[in-house]
Each structure stands twice: as structure tokens, then as C-alpha cells.
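Each chain, letter by letter, is given below.
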Amino acid sequence: MTAAASRRTVPALAAMAHAGEKIAMLTCYDASFAAVLDRAGVDALLIGDSLGMVIGGHASTLPVTLDEMIYHTRCVAAGARQALVLADMSFGSYQASREQAYANAARLMAAGAQMVKLEGGAWLAPTVEFLVARGIPVCGHLGLQPQSVHRVGGYKAQGKTEASARVLREDAQALAMAGIELLVLEMVPAALAAEVTAQGTVPTIGIGAGPGCSGQVLVLYDMLGIYPKPARFVRNFMTDGKTIEAAIGAYVTAVKDGSFPGPEHYF
Ligand code: KIV
């Protein structure tokens, strides 16, 4: 069996969610960390465009280029053996047209991604359909969408009013109908995330979205206590003098047994 053949697959994540096993995801940006995360049992590695902030030192994810995403995807894919590898499409690389999205998603897949992630609601459904029909698995991203930080006016929780919660539910449904196979929910009320998850159409991965999601994701540099300005939903797993590998193992255990996120980590 080849290394690629023994990797977690998109259907395998769906099967985990169906069986009630929580999915432990972390962001990852290089081969060395990919190997550590892999050994510690992380199910999925996200090459997040958060790399613009935690590696590039930018104030947002907007300056990240597709070429940077391709480079880091190639690095992570080289270091991972078991975990599924998914990559963010950078700002400006998929919004213009379905054709633009396909051409750029294909470059990320060629670099080693098994799935791409796009930020946006119902307006993205035709793009999702176009990618899925051409063999590219897609992860959606609703709630706080960091690429829209200037429209929203900051990194704020979303879906807190009945009207915005309704839009989020409709967006989730439109993306599910279009064929997404995973959905990140960022900074939304725990009850709303649990409700979307309970629909059972698509496994959900929460970040600041409570314990009712099918799995959790954190930015690696946040949960290791490296990034100086972590959000409220972050838990630092490097306390108690742990090694990095032990800290990652503690994260995987806490996601699987449901002890993370605790009430202090969601809205
Ligand atoms: O870019 C990123 O790291 C992300 C996660 C916060 C989900 O999209």
C-alpha cells in the first residue's frame, strides 16, 4: 500500500461523523509539523490562509497569494502520512468565476491537497457544483469569514440575531445541495452550530462554535501558545510543560472525548 493510499479520505471523515467519532483537525503549514501532528493522531491538516497572520505577520489573511498556499500545501503533503490534507483557497483566487476557481483549485490539488476550502454562502453554490462535478472535494466555511473582515468590520461572532442565523442556515443548506462534503463553522453560537450539525447533511468542524459540531479545528500556533493574540475560543495545550507532540496528543484526546471545547470556549 502506498502512503497516499493509507491516508484518511473525504469519505472516511464522513464515516467518522456518521459513527459519532469526533474529527480532530488542526492547521498546519510545513512538513515537520505535519509529521508531528500525524504521529499524534490528528485526522485532518488544514493549510489555512491563517498562515498570512501566524507566519507572515500580516494583520489579516488578505495578502496571502495562491502561490504561497501552493508552496505550503506541498510542504504539508510531503510530511503527512495518515491525515487528510485540505487547503484554503486564498482571497481573490476563486471569487471571480467558476472557471477561475477550478483552475486554481486544480493547482492546490496537484500540490497535494485532497480537498479545498472556500469562504462564502449561497452565492458560492454554482462554484461548488462546478468543482465537485470535476472531481474536486469542497469544504465550505460559514460564520466568521476572515477574508470578509473589512465588510464585517472585525473578527466578530456571527449568527447571533435570528435574521443572521436564518441566513446561515440557508447558506449551509445551499452549499450542502451544491455538494460540499465538510463545513467549517467559525465563531457562531453553539446552539446554531449544533442545529446545523444535527441536520446531518454534511459533517461540521467548529472553531469557536461549541461542542455540538462533528469535529474541531484550531490554528496550530494558537493552541501551542505561540501566537500572542489568541481568540477567546482557543485553549493553550502547551501548559504543564508538555512537549509539542504531547500537547497535540492532548488536543486529539480532548476533541475525541468531548472535553474541548468547554463552556469558556464558545458563545
Ligand atoms: O485559515 C484558517 O486557519 C482557517 C481556520 C481558522 C478554520 O480557515
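Here, every reference points to the structure presented above.
Everything numeric in this text was worked out from a predicted model, so none of it was measured. (Residues numbered from 1 in each chain as written. Predicted model: local features only at pLDDT ≥ 70, side-chain atom pairs only at ≥ 80, totals over all residues. Heavy atoms only, no water.)

Caption draft 1: Representation of the site of the ligand within the structure. Lining the immediate surroundings of the ligand are 13 residues, of which T27, D49, S50, D88 and K117 lie closest. In the model, an oxygen atom of the ligand is placed 2.5 Å from a nitrogen or oxygen of the S50 side chain. K117 places a side-chain nitrogen or oxygen 2.8 Å from an oxygen atom of the ligand. Protein chains bury 95% of the 250 Å² of accessible surface belonging to the ligand in isolation. (Near = heavy atom within 4 Å. Polar contact = N/O pair within 3.5 Å; in protein donor to acceptor, adjacent residues only side chain to side chain. Areas by Shrake-Rupley, 256 points an atom, 1.4 Å probe, with all protein chains shown as cover.)

Caption draft 2: How the structure looks around the nonpolar core. L185, I248 and Y251 are the most contacted members of the largest nonpolar core, which totals 92 residues. Excluding anything up to four places from it in sequence, I248 contacts L26, V36, L37, A40, V42, L220, M223 and L224. (Core = buried A, V, L, I, M, F, W, Y, C linked by side-chain atoms within 4.5 Å. Buried < 20%, exposed > 50% of the residue type's maximum accessible area, 1.4 Å probe, protein only. Contact = heavy atoms within 4.5 Å.)

Caption draft 3: Quick peek at the pairing of strand β1 (residues 23–27). Counting buried positions along β1 yields 5 of 5 residues, so the element is predominantly enclosed. Residue alternation in β1 divides its side chains into two sets, I23, M25 and T27 and A24 and L26, and both sets are buried. The pairing of β1 with strand β8 (residues 215–218) spans 4 bridges and is classified as parallel. If you follow I23 over to β8, its bridge partner there is G215. Handedness of the crossover is the feature at issue here: the chain leaves β1, passes through helix α2 (residues 31–39), returns alongside strand β2 (residues 44–47), and the resulting connection is right-handed. (Helix = DSSP H or I, 4+ residues; strand = E, 2+ residues; numbered from the N terminus. Pairing = 2+ DSSP bridges. Right-handed = clockwise from strand over helix to strand, strands pointing away.)

Caption draft 4: α2, seen in detail. Taken as a whole, α2 has its buried residues at F33, A34, V36, L37 and D38. Close packing links the buried residues of α2 with β1, β2, α4 (66–79), α10 (220–223) and α11 (244–256). One side-chain oxygen of the residue at the start of α2 lies 3.0 Å from the amide nitrogen of S32, identifying that residue as D30. In the stretch just after α2, G41 is the one whose phi turns positive, near 90°.

Caption draft 5: Geometry of the sheet that holds β2. The strand order around the closed barrel formed by 8 strands is β1-β2-β3-β4-β5-β6-β7-β8, and the pairing between neighbours is parallel. Pairs of neighbouring strands in the sheet enclose a mean axial angle of 25°, with direction left out of account. Packed on one face of the sheet, α4 meets β2 and β3 (84–88) and runs near 155° to β2. (Axes fitted to C-alpha atoms, helices over the stretch in contact; angles between N-to-C directions.)

Caption draft 6: Up close: the side chain of D171. Summarising the element assignment, D171 is placed in helix α8 (residues 162–178). Buried within the structure, D171 lacks any salt-bridge partner; its nearest side chain of opposite charge belongs to R151, at an N-O separation of 8.3 Å. A polar side-chain atom of D171 sits 3.0 Å from the main-chain amide nitrogen of A122. In this view, D171 contacts G121, A122 and L142; residues no more than four positions away in its chain are not counted. (Lys, Arg positive; Asp, Glu negative; His and termini not counted. Salt bridge = Lys/Arg side-chain N within 4 Å of Asp/Glu carboxyl O.)

Caption draft 7: Representation of the packing of aromatic side chains within the structure. Enumeration over the complete set of coordinates arrives at 5 aromatic pairs. On the numbers, 5.4 Å between centres and 85° between planes, the contact of F237 with Y251 is edge-to-face. Placement of F237 in the loop between α10 and α11 and of Y251 in helix α11 is noted, with a sequence separation of 14 residues between them. Each ring, one from Y251 and one from F260, has its centre 6.2 Å from the other, and the planes form 55°; the classification is tilted. Across the pair, F260 and Y251 agree in class, each one buried. Through a chain of ring-to-ring contacts, three or more aromatic side chains come together here, namely Y29, F33 and Y221. The ring of F130 has R134 lying over it, and the distance from NZ or CZ to the ring centre is 3.6 Å. (Phe/Tyr/Trp six-rings, centres within 6.5 Å; stacked < 30°, edge-to-face > 60°. Lys NZ or Arg CZ within 6 Å of the ring centre and 35° of its normal.)

Caption draft 8: Just the pairing of strand β7 (residues 204–207), in detail. Side chains of β7 alternate between two faces, with T204 and G206 and I205 and I207 buried alike. Across 4 bridges, the pairing between strand β6 (residues 182–186) and β7 is parallel. Bridge assignment links L185 to a residue of β7, and that residue is G206. Regarding topology, helix α9 (residues 190–198) serves as the crossover connection from β6 to the parallel β7, and that connection is right-handed. Where β7 lies against β8, 2 bridges are found, and the strand directions are parallel. The residue bridging I205 from the neighbouring strand is G215, located in β8.

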